[in-house]
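# Fold and contact review
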Amino acid sequence: MATHPTYTLPELPYDYAALEPVISGEIIELHHDKHHAGYVKGANDTLEQLAQAREKDAWAAINGLEKNLAFHLSGHILHSIYWGNMSGDGGGEPLEKDGTGELADALAESFGSFARFKAQLSKAAATTQGSGWGVLAYEPVSGRLVVEQVYDHQGNVGQGAVPLLVFDAWEHAFYLQYRNQKVDFVEAMWRVVNWQDVAARYAAARERAAGLLLAP
Ligand code: MN
């Protein structure tokens, strides 16, 4: 039995109210301290339950445990990226003069233009059915950027793609402030995107991409 947790809740990189008026401090506090913390606990608990199943060779719950692992671990990872993707000084678009020119070029190459990328990610996030995310990801086999529409935290994604910019479209991300106006929330999100953070994730994803297929 593990004596310390495998996963831990990261500190927010800003105060709860730092993203106002786009996202209220009340939402950020609940979202980080309750929802994200719940995914961290869920991932750790599921690892414990899987360890017990192995120990007892008791596999009656294997399907549920594997689903719970995917759900909670993906929730933890996506939220950890989400906090870093946002800044009270964010917004605009990646530009050469801001040190994010390679990301800007890749967006234009993969989507045709920044405007077309923005339209696709906005639409993917705003049209999630039930709970989900709109995600910009680096797809290492093609070397291109793609937009994914994620079901819950873990469904409808291509294996190996690395999330770079994630828009949480679960109701807990916006409902206290935007009510049922998910489209308005997604549009407002662009005002807090931290492009330096996204560009740093893009550079890191490319550096570790080569091992995925171990192709000759
Ligand atoms: Mn969330």
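Residues numbered from 1 in each chain as written. Predicted model: local features only at pLDDT ≥ 70, side-chain atom pairs only at ≥ 80, totals over all residues. Heavy atoms only, no water.

On to the overall build of the chain. Secondary structure summary: the chain contains seven helices and three strands in total. Starting at the N terminus and walking to the C terminus, you meet the elements of the chain as α-α-α-α-β-β-β-α-α-α. Relative to the globule expectation of 17 Å for 216 residues, the C-alpha radius of gyration of the chain, 18 Å, shows essentially globular dimensions. Along the longest, intermediate and shortest principal axes, the C-alpha atoms of the chain span 60 × 50 × 30 Å. The buried share of the chain, reckoned over its 216 residues, is 45%. (Helix = DSSP H or I, 4+ residues; strand = E, 2+ residues; numbered from the N terminus. Rg over C-alpha atoms; globule rule 2.2 N^0.38 Å. Buried < 20%, exposed > 50% of the residue type's maximum accessible area, 1.4 Å probe, protein only.)

We now examine the nonpolar core. Counting 55 residues, the largest nonpolar core has Ile23, Tyr82, Phe117, Leu145, Leu165, Trp190 and Trp195 as the members making the most contacts within it. Per element, the largest residue contribution to this core is six residues, and it comes from helix H4 (residues 114-126). Those residues in contact with Tyr82, other than ones at most four positions away along the chain, are Ile23, His31, Trp133, Val166, Asp168, Ala173, Phe185 and Met189. (Core = buried A, V, L, I, M, F, W, Y, C linked by side-chain atoms within 4.5 Å. Contact = heavy atoms within 4.5 Å.)

This next bit is on the packing of helix H1 (residues 25-56) against helix H2 (residues 62-85). Two numbers describe how H1 lies on H2: the axes approach to 8 Å, and their chain directions differ by 145 degrees. Along this stretch, H1 crosses H2, giving a crossing that reads as left-handed. Residues of the contact of H1 with H2, tallied by class, amount to 13 nonpolar, 13 polar and one charged. (Axes fitted to C-alpha atoms, helices over the stretch in contact; angles between N-to-C directions. Left-handed = near helix turned anticlockwise from the far one by under 90°. Nonpolar A, V, L, I, M, F, W, Y, C, P; charged D, E, K, R; others polar.)

Turning our attention to the domain arrangement of the chain. Structurally, the chain comprises domain 1 (24-84) and domain 2 (96-209). In this structure, domain 1 and domain 2 have C-alpha centres spaced 22 Å apart. Facing 18 residues of domain 1, the contacting portion of domain 2 comprises 20 residues. Together, Ile27, Leu78 and Tyr82 form the three largest contributors to the area buried by domain 1 at its contact with domain 2, with a combined 37%. The interface formed by domain 1 and domain 2 contains zero salt bridges. Counting the contacts that link domain 1 with domain 2 gives six residue pairs in polar contact (both at pLDDT 80 or more). Secondary-structure elements contributing two or more residues to the side of domain 1 that touches domain 2 are H1 and H2. Looking at which element gives the most residues to the side of domain 1 that touches domain 2, the answer is H2, with eleven residues. Considering only residue class, the side of domain 1 that touches domain 2 consists of eight nonpolar, eight polar and two charged. (Domains from an automatic or database assignment. Buried area = accessible area lost by both parts, 1.4 Å probe. Salt bridge = Lys/Arg side-chain N within 4 Å of Asp/Glu carboxyl O. Polar contact = N/O pair within 3.5 Å; in protein donor to acceptor, adjacent residues only side chain to side chain.)

The textbook angles at a metal center are 109.5 degrees for a tetrahedron of four donors and 90 or 180 degrees for an octahedron of six. The manganese ion binds to the protein through His31 (NE2), His79 (NE2), Asp168 (OD) and His172 (NE2); the donor distances cover 2.0 to 2.1 Å. Taken in sequence order, the residues that donate to the manganese ion follow the motif H-x47-H-x88-D-x3-H. Placement of His79 in helix H2 and of Asp168 in strand E3 (residues 162-168) is noted, with a sequence separation of 89 residues between them. Of the residues examined, Asp168 reaches a relative accessible area of 1% and is grouped as buried. (Donors = N, O, S within 2.8 Å, 3.2 Å for Na, K, Ca; no water.)

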